[in-house]
Amino acid sequence: MSDDLPAIGLGTSGNTDPEQCAASVEAALEIGYRHVDTAQMYDNERAVGRGIASAPVDREDVRLATKIHPTNLAPEDVRRTFGESLDRLGVESVEMLYVHWPTKAYDPEKTLPVFDELHAEGAVEHVCVSNFTPALLDEAREILDAPVFANQIEMHPLLPQTELVEYARRHDLYLVAYSPLGRGEVLDHPVLNEVADEYDATPAQVSLAWLLDHDRVVPIPKATGRDHLRENFAARELALDDSAIDRIDAIDDRERVIVPDENPWGI
Ligand code: NAP
């Protein structure tokens, strides 16, 4: 498989109804999505795996990502719970395995070597991290033998993450943008609505197109029904001109929708 990530992936957090989750993953793959994001924390790996298995696409054409829960980041737990994730997903390997948050049981010197082992064994194609600052990325890159393929972080027009965008460009890793619609919070912003009207698009598409205008940024909007899935996927075709990008860049309202219990770095 190529090392490129498709422009838009599918988020699945909160999609805990098994039937609905499996159906939305299957629908997304039918529409053309080829990157599906889940996590031990989302309690839906089994349904995500079922959705992939029943879609009319070859398993090798799908980039499947899961994440090790922060409480499972002790070395023996990474290996054991990763095996459980594979069983639930019904697959033999994943394309992307993340450290979900560098908190709780995360100990870089102990946690990361297990990710390297899983990578060397072929069970994980790409080692990934999530919610990492530049300093935490530097540390992880120093310890790991495998390259850090992606850092998954919250990013949308109200949280532009300029420092991490620059870091990703400089070190040639992907920035996977989670909550790219701000869980709906960004969709009422007047600037996004003004640009959406100009392009005969929706505010969700404008937010995604603004993200896609950045090098190496891959948004993973979560959507359940076919209408949202199609609308979001079509944002790949929306090219915003410099004036629209500049107006969105000039927004200085800030909003962070994911605030975990433990976040000493204010990521
Ligand atoms: P999001 O994708 O910004 O927003 C999802 C919400 O927006 C859902 O309520 C969805 O509704 C709605 N929506 C989707 N498309 C829409 C559209 N075109 N118009 C209007 N509303 C729309 O938020 P998210 O789920 O937090 O983030 C996306 C994914 O990122 C997650 O699912 C997860 O895979 C990942 N994530 C990772 C972390 C991390 O710590 N690594 C944290 C948070 C999220 P419907 O479901 O009804 O379509």
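Scope of this entry: the structure provided in the associated data block. Everything numeric here is computed off the predicted structure, so don't read it as measured data. (Residues numbered from 1 in each chain as written. Predicted model: local features only at pLDDT ≥ 70, side-chain atom pairs only at ≥ 80, totals over all residues. Heavy atoms only, no water.)

## Regarding unusual backbone geometry
A positive phi angle, near 45°, is found at Ser179, a position not held by glycine. Tracing the backbone through its elements, the reader meets Ser179 in the loop between β7 (174-178) and α7 (190-199). The buried category is assigned to Ser179, whose relative accessible area is 12%. (Helix = DSSP H or I, 4+ residues; strand = E, 2+ residues; numbered from the N terminus. Buried < 20%, exposed > 50% of the residue type's maximum accessible area, 1.4 Å probe, protein only.)

## A closer look at the site of the ligand
Taken together, 28 residues lie around the ligand, and Asp37, Ser179, Arg183, Thr224 and His228 are the ones closest in. For the ligand, an oxygen atom lies 3.4 Å from a polar atom in the side chain of Trp101. Measuring from an oxygen atom of the ligand, one finds a backbone N or O atom of Pro180 at 3.3 Å. With the chains in place, 86% of the 900 Å² that the ligand exposes on its own is no longer accessible. (Near = heavy atom within 4 Å. Polar contact = N/O pair within 3.5 Å; in protein donor to acceptor, adjacent residues only side chain to side chain. Areas by Shrake-Rupley, 256 points an atom, 1.4 Å probe, with all protein chains shown as cover.)

## Quick look at the packing of aromatic side chains
One pair of aromatic rings is described through two measures. These are the centre distance and the angle between the planes. Inspection of every chain in the model, using the stated rule, returns three aromatic pairs. Arranged with centres 5.5 Å apart and planes meeting at 70°, the rings of Tyr106 and Phe132 form a pair that is edge-to-face. Taken as a pair, Tyr106 in the loop between β4 (94-99) and α4 (108-120) and Phe132 in the loop between β5 (124-130) and α5 (134-143) lie far apart in primary sequence, 26 residues in all. The two residues Tyr106 and Phe132 agree in class, both being buried. One residue, Arg216, lies across the ring of Tyr174, its end atom 4.3 Å from the ring centre. A cation sits over an aromatic face here: Arg236 above Phe233, 3.7 Å from the ring centre. (Phe/Tyr/Trp six-rings, centres within 6.5 Å; stacked < 30°, edge-to-face > 60°. Lys NZ or Arg CZ within 6 Å of the ring centre and 35° of its normal.)

## Considerations on the pairing of β5
Within β5, six of the seven residues are buried, which leaves the element mostly enclosed by the surrounding structure. Sheet topology places β4 next to β5; five bridges connect them, and they run parallel. Residue pairing across strands places Tyr98 opposite Cys128, the latter belonging to β5. Handedness of the crossover is the feature at issue here: the chain leaves β4, passes through α4, returns alongside β5, and the resulting connection is right-handed. Pairing analysis gives four bridges linking β5 to strand β6 (residues 148-154), with the strands arranged parallel. When the sheet's bridge partners are listed, Val129 is paired in β6 with Asn151. (Pairing = 2+ DSSP bridges. Right-handed = clockwise from strand over helix to strand, strands pointing away.)

## Digging into the nonpolar core
Of all hydrophobic cores here, the largest spans 78 residues; its most connected members are Val36, Phe82, Val94, Phe115, Met155, Leu240 and Ile248. Filtering out sequence-adjacent residues up to four positions away, Phe82 remains in contact with Gln40, Ile68, Asp77, Val94, Leu97, Leu118, Ala123 and Val124. With 14 residues, the next largest nonpolar core counts Ala65, Tyr98, Cys128 and Tyr178 among its residues. (Core = buried A, V, L, I, M, F, W, Y, C linked by side-chain atoms within 4.5 Å. Contact = heavy atoms within 4.5 Å.)

## Points about the pairing of strand β3 (residues 63-68)
Of all six residues making up β3, six are buried, and the element is well covered by its neighbours. The two faces of β3 match: Arg63, Ala65 and Lys67 on one face and Leu64, Thr66 and Ile68 on the other face are all buried. Across three bridges, the pairing between strand β2 (residues 35-37) and β3 is parallel. Bridge assignment links Asp37 to a residue of β3, and that residue is Ala65. Running through helix α2 (residues 45-54), the crossover from β2 to the neighbouring parallel element β3 is right-handed. Pairing of β3 with β4, which is carried by four bridges, proceeds in the parallel orientation. Across the sheet, residue Ala65 finds its bridge partner in β4, namely Met96. In the classification by handedness, the crossover that spans β3, the intervening helix α3 (residues 75-89) and the parallel β4 is right-handed.

## Comments concerning the side chain of Ser207
On the secondary structure map, Ser207 appears in helix α8 (residues 203-212). For Ser207, a relative accessible area of 0% gives the class buried. When sequence neighbours within four positions are dropped, the list of residues in contact with Ser207 reads His156, Pro157, Pro180, Leu181, Val186 and Leu192.

## What to know about a negative patch on the surface
A contiguous patch of negative charge on the surface is contributed by Asp213, Asp241, Asp242, Asp246 and Asp249. Tracing the chain through its elements places Asp246 in helix α10 (residues 242-249). Overall, Asp246 belongs to the partly exposed group, its relative accessible area being 48%. (Patch = residues over 30% accessible without salt bridge, like charges linked within 9 Å, V, L, I, M, F, W, Y side chains within 5 Å. Salt bridge = Lys/Arg side-chain N within 4 Å of Asp/Glu carboxyl O. Lys, Arg positive; Asp, Glu negative; His and termini not counted. Charge placed at Lys NZ, Arg CZ, Asp CG, Glu CD.)

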